[in-house]
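# Summary of structural features
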Protein chains: 2
Amino acid sequence: MKASILTIGDELLIGQVLNSNVQWISERLTGIGITVTRHLSVGDEMAEITGALRFLQSSCDVLIIGGGLGPTHDDLTVEALSRYFKIPLRYDEEWVGKIEEFFRSRGRPMTENNKKQGYLLRDAERIDNDCGTAPGQFLMEGRTRIFVVPGVPHEMKSMMERVILPKLMKDPALGSTRILKETLLTSGIGESALAQRIHSEVERIRSIPGMSLAFLPSNVGVRLRLQMAVSTTEEEAAFRKELIALREACGKDTFGSEPGTLEEAVHRLLLERNETLAVAESCTGGLVSQRLTRIAGASKILRGSLIPYQTELKTLELRIPATLFDQFGVVSEASAKAMAEGIRSKWGTDWGLGITGYLGPEGDTHSPGGTVWIAVANGTQTLAREFHFENHRERAQERAAAYALDSLRRALS
Amino acid sequence: MKASILTIGDELLIGQVLNSNVQWISERLTGIGITVTRHLSVGDEMAEITGALRFLQSSCDVLIIGGGLGPTHDDLTVEALSRYFKIPLRYDEEWVGKIEEFFRSRGRPMTENNKKQGYLLRDAERIDNDCGTAPGQFLMEGRTRIFVVPGVPHEMKSMMERVILPKLMKDPALGSTRILKETLLTSGIGESALAQRIHSEVERIRSIPGMSLAFLPSNVGVRLRLQMAVSTTEEEAAFRKELIALREACGKDTFGSEPGTLEEAVHRLLLERNETLAVAESCTGGLVSQRLTRIAGASKILRGSLIPYQTELKTLELRIPATLFDQFGVVSEASAKAMAEGIRSKWGTDWGLGITGYLGPEGDTHSPGGTVWIAVANGTQTLAREFHFENHRERAQERAAAYALDSLRRALS
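Computed from a predicted model, the values in this text were never measured in an experiment. Every chain's residues receive numbers from 1 upward, in the order its sequence appears when written. The naming scheme follows written order: chains are lettered A onward, ligands numbered 1 onward. Local features in this predicted model are restricted to residues of pLDDT 70 or higher, and side-chain atom pairs are both shown and tallied only at a pLDDT of 80 or more, whereas totals for entire chains, interfaces and linings draw on every residue.

### Focus: the overall build of chain A
What counts as a helix is a DSSP run of H or I of at least four residues, what counts as a strand is a run of E of at least two, and both are numbered from the N terminus. Along the backbone of chain A there are 15 helices and 17 strands. When the backbone C-alpha atoms are referred to their principal axes, chain A occupies close to 85 × 55 × 40 Å. Any pair of residues counts as being in contact when their C-beta atoms, constructed from backbone geometry, are within 7 Å of one another. Considering only residue pairs separated by 6 or more positions, chain A has 64% of its internal contacts joining residues 24 or more positions apart.

Right, dumping it as structure tokens:
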């Protein structure tokens, strides 16, 4: 089954409100095997709403319409549906009674305005609102199942979960098709290099009917989403087989699946080895440590961190001779290694992580802004690597933190 | 002028990604006096994209198309535009050279895939991408100005701000009404307390035609957006007058206007006083330091930070006697004060900031999860305050970091 989602409200079009409803509804519909093909938002205007209905209705089996059910003059959804489908309205006394009760129980007077929320489409089934005054509605128009829900997120979600999703799941048209989905997480490799690495898997997956693979790059890693609509156990097996092949092809570049995180992978690896970490991070300013401490129980693996932001503190706290900085620069292989080794021996941990860089706009004569050195020390060996990020502080900090966690992950696994 | 926004990508339709781009673009277009009438999202499918173009093009003067410009097989935007408008593609050697340079400067090889990003519509003006490899495009089709931008938020935003918004602002079709808008930033005060404090200003603003005030609460502070559509200098003066009154009414609760940040306010105050800071942060895990180091030149005011995540390090590095923890608990007024004073004297700075808390799910017998103590020391006095945040690690970390910066800001101003 194909679905479209229409959201109505000027607040969306002027950018005052982030349309999180449409993401939530899409995720839920996808989860029960419905393919969402269009999201459309229009303002509180009759011609816009009817134009939207014309565009969407013919192409979908399910149409979810959200918003425009309030009590004021600019709430036009029900009237627009009435005009477009030529269905008269009916006045639902029972629902108006519930609105009155809603206000009475909150010790507030019901206004004349609210009576507007008692008008439903004659042919529609009412969907009760258990936390507000705007009722939802369900009607069939041709082959399209139309659901009308309020724009208030928790009212909409309650109707979706209580009534709409269960109704759709029982719909014979849905068939036995389910959507299988898994998103592999990679780090330390760019989108095009990854595409090249798994080229033959991508080609094979594309040749399998109903299966799709998407590359989702971000500032901190590329995610790979494998997806398939399945209705037989053979199809399900094919999906599992490709997922395994894909994971193998990614090798060390993947560290898990959604909803995992890179810091969780590092945390798990250290716990498995019963080892501890100390961090000396300069240009990342605490971001690596903050990511590691997002996880409950982080004190089991992270002893602590030092952010020696002024160079002098690197000498004072990590006993790195000032001559080393004179000779090689503060942002250098020697400096990063000395930081990783220094913090490791200072606090007696198994692992030390050292990060030093210029995030810009300034650099020095050795290194332009965007240069970052990352070192990992474990007492036996210290590995360091140089990175060149874009000259933009916040994004370079994010990328440097991700690559630092990734360097540690690769050393641990 | 009327605008529509088309965003392309399966990740939107399956609900994997929140469409924040469309909100950002809408807000900016509205800000320069353009009326956004439709948001449409479709998947990575040729027929869907051309169908979307058909639906949108006839009804708008400006069409912004985002996404589907990547180097992989499922990026179809340019090809769809080529088919729908019957415009052949051209291969932009100059841009491919820039892509090569982009990879070279990052020490990574360019793949064959990326050459796809060198194809532009023959009649389009190229919009350079200053932080990625997908070029933007501009073309006129009939009366419609069409802009094509990448889906990666910061690449899109850069093109909008450098090229697209300035071009639209110079467009003769735009007319003379301008939207004035200013967003005051507050911290350390909740929405209802703030509403009470500025009650009479709110009432007055609501009575002025065309002027509006919105409360925008978030996890880290409440923003106040004052907005007005103006076409005369009198209206502009009225806006300025209300803005000043509003700022005065907020007093110490406001620290600036967007796009300012709390860390910038702290940075500025320390620079003005020519004073320095050292931070000992435990439960926030580095977030306070990371926010401070987002600002270029942070080493002028931040000497460094210590994250003594294991309690032992608090004793070892800050000379806090273990008996203090036994007597008062690790999360206590005494502990936070000792951390702020300890880090200040250890590194000889003017100010010391100490943060200790339990972010949950666990606490201890003294303090439940969500309890955080924040202390600010300047050598003369040390002030500490207790906070109870919700028992949710990431949000509690964010709120604790915001309140820590706010405590420092209030002590400095």
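### Looking at the environment of Leu184 of chain B
Residue and element names in this part refer to chain B. Turning to its location among the elements, Leu184 is positioned in strand E9 (residues 178-186). The spatial distance from the C-alpha of Leu184 to the C-alpha of Asp253 is 10.0 Å, given a sequence separation of 69 residues. When sequence neighbours within four positions are dropped, the list of residues in contact with Leu184 reads Arg223, Leu224, Leu246, Arg247, Cys250, Thr254 and Ser257.

### Notes on the sheet that holds strand E9 (residues 178-186) of chain A
Residues and elements named next belong to chain A. Here, strands pair whenever DSSP counts at least two bridges between them. Taken in spatial order, the four strands make up an open sheet running E10-E11-E9-E12, and their pairing is antiparallel. The strands lining the two open edges of the sheet, one partner per strand, are strand E10 (211-218) and strand E12 (254-257). Each strand axis lies, on average, 25° off the axis of its neighbour in the sheet, ignoring direction. With three bridges connecting them, E9 and E12 associate as antiparallel partners. Opposite Leu185, over in E12, you have Gly256 as the bridge partner. Here, axes are lines fitted to C-alpha atoms. For helices the fit covers the stretch in contact, and angles between N-to-C directions go from 0 to 180 degrees.

### Some remarks on the packing of helix H3 (residues 46-57) of chain B against helix H4 (residues 77-85) of chain B
Residue and element names in this part refer to chain B. Their axes nearest at 9 Å, the elements H3 and H4 cross at an angle of 55°. As judged from the angle between their axes, H3 and H4 are oblique. Once H3 is placed against H4, the crossing between them reads as right-handed. Contacts between H3 and H4 involve Met46, Ile49, Thr50 and Leu53 from the former and Thr77, Ala80, Arg83 and Tyr84 from the latter. For the contact of H3 with H4, the class distribution of residues is five nonpolar, two polar and one charged. Comment on the angle field: the value is read as roughly parallel under 35 degrees, roughly antiparallel over 145, roughly perpendicular from 65 to 115, and oblique elsewhere. In this scheme the crossing of two helices becomes right-handed for a clockwise turn of the near helix relative to the far one and left-handed for an anticlockwise turn of less than a right angle. In the scheme used here, Gly and all other residues not listed as nonpolar or charged are polar, with Ala, Val, Leu, Ile, Met, Phe, Trp, Tyr, Cys and Pro taken as nonpolar and Asp, Glu, Lys and Arg as charged.

### Observations concerning the interface of chain B and chain A
Taken together, the 64 residues of chain B in the interface contact 62 residues of chain A. For the side of chain B that touches chain A, the secondary structure elements donating two or more residues are helix H1 (10-13), helix H2 (20-31), strand E2 (35-42), H3, helix H11 (287-293), strand E14 (302-307) and helix H15 (393-412) of chain B. Considering each element in turn, the side of chain B that touches chain A owes the most residues, seven residues, to E2 of chain B. Of the residues assigned to the side of chain B that touches chain A, the class counts are 23 nonpolar, 29 polar and 12 charged. Summarising the sheet, strand E14 (residues 302-307) of chain A and E14 of chain B pair through three bridges and their orientation is antiparallel. In the strand pairing of E14 of chain B, Ile307 of chain A is matched with Ser305 of chain B.

### Details of unusual backbone geometry
Residue and element names in this part refer to chain A. Following Glu258, the chain continues to Pro259 via a peptide bond in cis, the omega torsion being 10°. Relative to the elements of secondary structure, Pro259 occurs in the loop between E12 and helix H10 (262-273). A positive phi angle, close to 55°, is found at Arg319, a residue other than glycine. With respect to the helices, strands and loops of the structure, Arg319 is situated in the loop between helix H12 (311-318) and helix H13 (322-328).

### Focus on the sheet that holds strand E11 (residues 221-230) of chain B
All names here are of chain B. Sheet architecture is open: four strands sit in the order E10-E11-E9-E12, paired in antiparallel fashion. The sheet terminates laterally at strand E10 (211-218) and strand E12 (254-257), the two strands that pair on one side only. Averaged over all pairs of adjacent strands, the angle between strand axes in this sheet comes to 20°, irrespective of strand direction.

### Side note on the pairing of strand E13 (residues 277-281) of chain B
Residue and element names in this part refer to chain B. Judged by how many residues are buried, E13 sits mostly within the fold: five of five residues are covered. Strand direction decides the pairing type here: E13 and E14, joined by four bridges, are parallel. The residue of E14 that forms the bridge with Val279 is Ser305. The handedness rule is simple: strands pointing away from the viewer, and a clockwise path from the first strand over the helix to the second, make the crossover right-handed. With H11 bridging E13 and the parallel E14, this β-α-β connection has right-handed handedness. Residues with at least 20 other C-beta atoms within 10 Å of their own are called buried, those with 12 or fewer are called exposed, and the rest are partly exposed. The C-beta atoms themselves are positioned from the backbone.

### Thoughts on the pairing of E11 of chain B
Residue and element names in this part refer to chain B. As defined by bridge partners, E9 adjoins E11 across eight bridges and the pair is classed as antiparallel. When the sheet's bridge partners are listed, Ile179 is paired in E11 with Ala229. Linking two consecutive strands that pair antiparallel, namely E10 and E11, is a turn of two residues.

### Some thoughts on helix H6 (residues 153-169) of chain B
Residue and element names in this part refer to chain B. Note that the bend at a residue is defined as the angle between axes fitted to the seven residues ending at it and the seven residues starting at it. Maximum bend of H6: about 50°, positioned at Met160. Where H6 is concerned, the buried positions are Glu155, Met156, Ser158, Met159, Met160, Ile164 and Leu168. On its buried face, H6 sits against H2, strand E3 (62-66), strand E6 (125-127), strand E7 (136-141) and strand E8 (144-149).

### A few points about the domain arrangement of chain A
By the assigned domains, chain A splits into domain 1 (2-174), domain 2 (180-255) and domain 3 (262-412). Domain delimitation in this document rests on an assignment produced automatically or drawn from a domain database. Using only C-alpha atoms to locate each centre, domain 1 of chain A and domain 2 of chain A end up separated by 36 Å.

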